[in-house]
Amino acid sequence: MPEQHPKYLIGDTWGTASDLPPMAVVNPATGDTLYEVPCCSPKHVAQALQHAEAGFAEWSAIPGWQRAQYLRRIAEEIVKRREDFGRAIATEMGRVHAMAIGEADSAAQQFVWMAGEAERLFGQTITSRFGGHLSITPEPVGIVAAFSPWNFPLGLPARKLAPALAAGCVVILRPSEQTPLVGTILGECCQAAGLPSGVVQILQGDPQGVSPALMEAEAVRKISFTGSTRVGRLLMAQSAQTVKRVSMELGGHAPLIICPDADVPAAARLAAKFKFMNTGQICGSPSRFFLHEEVAEAFTEVFMSEAENLRIGDPMASETTMGPMASPAQLDKLERLVSDAVERGATLRLGGGRAREQNKGFFFTPTVLENVTDDAEIMSEEPFGPVASLTTYSDLSDAIARANSTQYGLAAYAFTRSEVVARRLSAELQSGMVGINNFQLSHFEAPFSGVKHSGVGIEGGQMAINEYLTFKTTHAEFE
Ligand code: NAD
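Per an unreviewed UniProt entry, the recorded name for the protein is NAD-dependent succinate-semialdehyde dehydrogenase, and the organism is Meridianimarinicoccus marinus. In the Sequence similarities (unreviewed entry) part of its UniProt record, the protein is described as follows: "Belongs to the aldehyde dehydrogenase family."

As structure tokens, then:
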């Protein structure tokens, strides 16, 4: 296959020409420029909106049963291109290659699962107490602007595209400027699946080139954004001007509570696996560890030894278990948070800085901070990197209160053998998702969503399609 470069897709035409200068796309494992991404401008937005209106007229008229067949074909195309996705994800954002291939398989399954929802898209008929019948009909909201980040550059767009297409919406997707080739290949899969022109379009490059025009457009009736709370707030405020529907999957700062009755070595091994997965750049990654004082040392010993055994390096190499950070800005932030925690009394047990032996790229060592004080910035600011902040507690009520003390409420985890304690934790942790004795919270068949400043709306599960639907009530009376 010839070397591929990122492109944008407007209507059914791919392009690279733009009135704005392109941006460099950097391989985080080397710091070298891979290629340039064309930056789309308001002109491209205007063209894409015209195609989207035509695409919506066609796509929304296709019955859900047939739309499902297109979704299944997209899944097949993604599986066919899994090697291309794997290479693009690993080189553009640094995910370990085997995991990157896994992301392609899981994105394909997302489309398969949502195809079933398209087939089950029913209305309701109710006898009206005023006479006649009420028919309640699901209708697609219209043109969707979807903005996705770089940390799961295929999985997160798939979570938006699959329910939107299943509902009968059309999507203008703006993939992260750091992972534009992944977005390009996804667009190619949609085209290869035979989607009509204008149903999925891809605008690339600097968000400032396209986001304001999309946000101002009356024709865009819904936005779906995954990224930081800071940008999410901005987009919510902008949406108010044209009263757009919004789905927001925002930041997280997940607490992990280890109870004294837990299987401590097993919990520590699993916690290390999930903490350092994707170099800690996962919104649901455990980041604040509340260890019962009776088991803290036992937990820390196993956790540290797992962290020490990670093999940092080239994400394409089979022996690598942890790749680089996606960008140099992340390194600066982590260094600042680690030194602030140490200044406020934490002990640095492992790592704490750039992995100098790599000599190039954006590598950060797996880092363990112990006795982190509640006032350390890292206990309230999302680290989004391979840093575990450990602290102890003696009373569960206190641990829960401290776990709930941030603005975030995406994921929370706890390890206990007691079902009574587990029920209490599930009820009292202020979080959209709770993992008890496991970290697996991303399921096609269940909602993935946050509370508080972690977001609005649902991705995943049966309810996710409703984010892209309105329900029209018609009251009809005939003699
Ligand atoms: P970010 O908000 O800076 O950027 C996210 C994406 O939004 C990028 O592609 C960026 O180019 C784009 N963007 C920036 N400004 C925009 C604008 N005005 N309009 C439209 N798009 C714009 O976040 P980041 O630091 O790159 O990503 C990590 C963040 O994403 C973390 O906070 C993480 O928790 C969050 N995240 C949340 C989830 C979830 O499901 N809740 C999943 C993954 C990541």
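After that view, the rundown keeps rolling.
Student: I'm lost on the overall build of the protein in this one. Help?
Tutor: Per the secondary structure count, the protein includes 13 helices and 20 strands. Here the C-alpha atoms of the protein give a radius of gyration of 23 Å, agreeing with the 23 Å that 2.2 N^0.38 yields for 479 residues. Dimensions of the protein, computed from C-alpha atoms along their principal axes, come out at roughly 75 × 60 × 40 Å. Scored against the burial criterion, the 479 residues of the protein give a buried share of 53%. Counting contacts in the protein only where the partners sit at least 6 residues apart, residues at least 24 apart contribute 71% of the total.

Student: Help me understand the packing of helix α3 (residues 82-93) against helix α6 (residues 180-192), please; the structure alone is not making it clear to me.
Tutor: Each pair of packed helices gets described by two things: the angle between the helix axes and the distance between those axes. Their axes nearest at 8 Å, the elements α3 and α6 cross at an angle of 160°. When the interaxial angle is binned, α3 and α6 end up roughly antiparallel. α6 is crossed by α3, and the crossing has left-handed handedness. The residues of α6 that touch α3, namely those facing D84, F85, A88, I89 and E92, are L181, V182 and I185. Its residues placed into classes, the contact of α3 with α6 shows six nonpolar, no polar and two charged.

Student: For this particular structure, what's the right way to read the site of the ligand?
Tutor: Taken together, 23 residues are adjacent to the ligand, and S211, G227, S228, E249 and C283 come closest. Going through the elements one at a time, α7 (207-216) and α8 (229-242) are the ones with two or more residues in the shell around the ligand. A total of three residues in the shell around the ligand trace back to one element, the largest contributor, which is α8. Considering only residue class, the shell around the ligand consists of ten nonpolar, ten polar and three charged.

Student: Help me out: how do you make sense of the sheet that holds strand β13 (residues 286-292) in this one?
Tutor: To summarise the sheet geometry, strands pair through backbone hydrogen bonds and adopt either a parallel or an antiparallel arrangement. Strand order in the open sheet made by the seven strands is β14-β15-β16-β13-β12-β17-β18, with mixed pairing throughout. Sheet topology places β14 (347-350) and β18 (433-436) at the edges, where each strand pairs with a single neighbour. Taken pair by pair, the neighbouring strands of this sheet meet at an average axis angle of 20°, ignoring direction. Note that strand β17 (residues 411-415) and β18 share four bridges and pair parallel. The partner of Y413 across the bridge, within β18, is G435.

Student: Looking at this model, I keep getting lost on the environment of Q330. Mind explaining?
Tutor: Within the secondary structure, Q330 is located in helix α11 (residues 328-343). Along the primary structure Q330 and F111 are separated by 219 residues, whereas in three dimensions their C-alpha atoms are 32 Å apart.

Student: Help me understand the UniProt feature "domain: Aldehyde dehydrogenase" (unreviewed entry) in the protein in this model?
Tutor: Per the UniProt record, the feature "domain: Aldehyde dehydrogenase" (unreviewed entry) sits at residues 21-473. Between the end C-alpha atoms of residues 21-473 the distance is 48 Å, and the span holds 40% helix and 20% strand.

Student: I tried to follow unusual backbone geometry on my own but got confused; where do I start?
Tutor: Most peptide bonds are trans, and most residues other than glycine sit at a negative phi. The backbone of T279 shows a phi angle near 55°, a positive value even though the residue is not glycine. The topology assignment puts T279 in the loop between α9 (264-276) and β13. In this structure T279 comes out as buried when scored by C-beta crowding, with 29 C-beta atoms within 10 Å.

Student: Just to check I follow, could you spell out the nonpolar core for this structure?
Tutor: Nonpolar side chains in soluble globular proteins tend to be buried together. Among the nonpolar cores identified, the biggest contains 148 residues, and L71, V171 and I258 are the most heavily contacted of them. In terms of residues, this core owes the most to one element, helix α4 (residues 97-119), which gives nine residues. Among residues more than four places away in sequence, those in contact with V171 are V144, A146, K160, L161, A164 and V200.

Student: Honestly, the sheet that holds strand β6 (residues 133-140) in this entry has me stumped. Any pointers?
Tutor: A sheet is described by the order of its strands in space; here three strands give the open sequence β5-β6-β20, paired in antiparallel fashion. Pairing within the sheet leaves two strands with one partner each, and these edge strands are β5 (124-127) and β20 (469-476). Ignoring strand direction, the axes of neighbouring strands in this sheet form an average angle of 25°. With eight bridges joining them, β6 and β20 adopt antiparallel strand pairing.

Student: Even after reading the chapter, I still don't get the environment of L165, so can you show me in this structure?
Tutor: Among the secondary structure elements, L165 is positioned in helix α5 (residues 155-167). Given 28 C-beta atoms within 10 Å, L165 falls into the buried group. Along the sequence, L165 and V199 sit 34 residues apart, while their C-alpha atoms lie 8.1 Å from each other. If we skip the residues at most four places from it in the chain, L165 touches R67 and L71.

Student: Help me out: how do you make sense of the pairing of strand β11 (residues 245-249) in this one?
Tutor: Looking down a regular strand, the side chains alternate between one sheet face and the other. In this sheet, β11 lies alongside strand β10 (residues 220-226) in parallel orientation, the contact comprising five bridges. In the strand pairing of β11, S224 is matched with S247. Taken together, the two bridges between β11 and strand β19 (residues 455-456) define a ladder with antiparallel strand orientation. Across the sheet, E249 pairs through a bridge with G455, a residue of β19.

Student: Looking at this model, I keep getting lost on the pairing of strand β15 (residues 367-370). Mind explaining?
Tutor: Burial along β15 is two-sided: T367 and L369 facing one way and V368 and E370 facing the other are all buried. Of the pairings in the sheet, the one linking β14 to β15 comprises three bridges and is antiparallel in character. Pairing of L350 across the sheet is with V368, part of β15. As judged from the three bridges shared by β15 and strand β16 (residues 387-393), these two strands associate in the parallel manner. In the strand pairing of β16, L369 is matched with S389.

Student: Whenever I open this one, the packing of helix α2 (residues 64-80) against α6 confuses me. Can you help?
Tutor: Contact geometry of α2 with α6 gives a least axis separation of 8 Å together with a crossing angle of 130°. Considering the angle they form, α2 stands oblique to α6. Between α2 and α6 lies a crossing of right-handed hand. Contacts between α2 and α6 involve I74, E77 and I78 from the former and C189, C190 and A192 from the latter. Taken together, the residues of the contact of α2 with α6 sort by class into five nonpolar, no polar and one charged.

Rules and cut-offs
Residues numbered from 1 in each chain as written. Predicted model: local features only at pLDDT ≥ 70, side-chain atom pairs only at ≥ 80, totals over all residues. UniProt positions renumbered as here; feature names shortened; annotations may be inferred. Helix = DSSP H or I, 4+ residues; strand = E, 2+ residues; numbered from the N terminus. Rg over C-alpha atoms; globule rule 2.2 N^0.38 Å. Buried ≥ 20, exposed ≤ 12 C-beta atoms within 10 Å, placed from the backbone. Contact = placed C-beta atoms within 7 Å. Axes fitted to C-alpha atoms, helices over the stretch in contact; angles between N-to-C directions. Parallel < 35°, antiparallel > 145°, perpendicular 65-115°, else oblique. Left-handed = near helix turned anticlockwise from the far one by under 90°. Nonpolar A, V, L, I, M, F, W, Y, C, P; charged D, E, K, R; others polar. Near = placed C-beta within 6 Å. Pairing = 2+ DSSP bridges. Core = buried A, V, L, I, M, F, W, Y, C linked by C-beta atoms within 7 Å.

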